[in-house]
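Structural overview
Residues per chain, in single letters:
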Amino acid sequence: MNLGERGPFHTGWYVDPMSTARDRWLDEGLKILAEEGAAGIRIDRIAARLNLSKGSFHHHFDGAEGYKKALLAHFERLSVEALNSAISEIGESAGARAILTRLTELVRPGNTGLYRPEIDTALRAWATWDADVRVVQTRLDEARLSALQRVWRSAVASDEEARTAALLPYLLAVGASVVYPPVDADRLRELYEILLPLVPDGT
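Anyway, here's the lowdown on the structure attached to this text. The shown structure was predicted, so the numbers you read here are calculated from the model rather than taken from an experiment.

Cut-off values and rules
- Residues numbered from 1 in each chain as written.
- Predicted model: local features only at pLDDT ≥ 70, side-chain atom pairs only at ≥ 80, totals over all residues.
- Heavy atoms only, no water.
- Helix = DSSP H or I, 4+ residues; strand = E, 2+ residues; numbered from the N terminus.
- Contact = heavy atoms within 4.5 Å.
- Areas by Shrake-Rupley, 256 points an atom, 1.4 Å probe, with all protein chains shown as cover.
- Buried < 20%, exposed > 50% of the residue type's maximum accessible area, 1.4 Å probe, protein only.
- Arc of directions from axis to C-beta.
- Phe/Tyr/Trp six-rings, centres within 6.5 Å; stacked < 30°, edge-to-face > 60°.

Attention shifts here to the overall build of the chain. For the chain, the count of helices and strands is nine helices and zero strands. Scanning the chain from its N terminus toward the C terminus, one meets helices and strands in the order α-α-α-α-α-α-α-α-α. Looking at the chain alone, contacts between residues at least 24 apart form 68% of all its contacts between residues at least 6 apart. When the accessible surface of the chain is totalled, it reaches about 10,700 Å², and 55% of it is carbon and sulfur.

So, in structure tokens, the structure goes:
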């Protein structure tokens, strides 16, 4: 990630008329991450795309490191919340097959929460050389796997079996995102639909 020259920090306190400006900075950063990888993330380019000033950046973030940490936390939160919300929507008591069927339905083009192959690939590449990103990627993988493990627990005999079962759909998604070009959402959904009949009802 190259954020360019830091410039002076904006230290004055004022009421920001753009209450969503911080999220705009972060959302645009994720777009650039998906398009160009970590090397494409620069303050000046993001500011130009958003028609915002660097003063706005420094009002919301504590320099380059502050922005990187906020960007990573933003993506982690969006990813984990999207999966947990989808599971909560149907309820864990519905059983593994019903929940996994619903998650499969949500793997569609334009659904930016459950399958974002360009960002996932860029983040994993970034994690190979940045320790901070590696920590977030590790935590994100564990959060996703833990959520899937909870889904599977009612359908199998032990936590270990639930963990193994959770790895299958998760590793399928990871593999789909890292091949080049990435497997699109429609094809990944078709692959999951092949696996769904193998899932015990678990109700």
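On to helix α2 (residues 43-50), then. Here α2 has its buried residues at Ile43, Ile46, Ala47 and Leu50. On an axial view of α2, the arc spanned by its buried residues comes to 100°, and they lie on one face. Elements that come into contact with the buried residues of α2 comprise α1 (21-36), α3 (54-60) and α4 (63-90). Following α2 by one or two positions, Asn51 adopts a phi angle in the positive range, close to 60°.

Taken as a whole and judged by the stated rule, the model has four aromatic pairs. With a centroid separation of 4.9 Å and an interplanar angle of 90°, the aromatic rings of Phe61 and Tyr67 are classed as edge-to-face. Pairwise contacts between aromatic rings join Trp25, Phe57, Phe61 and Tyr67 into one cluster.

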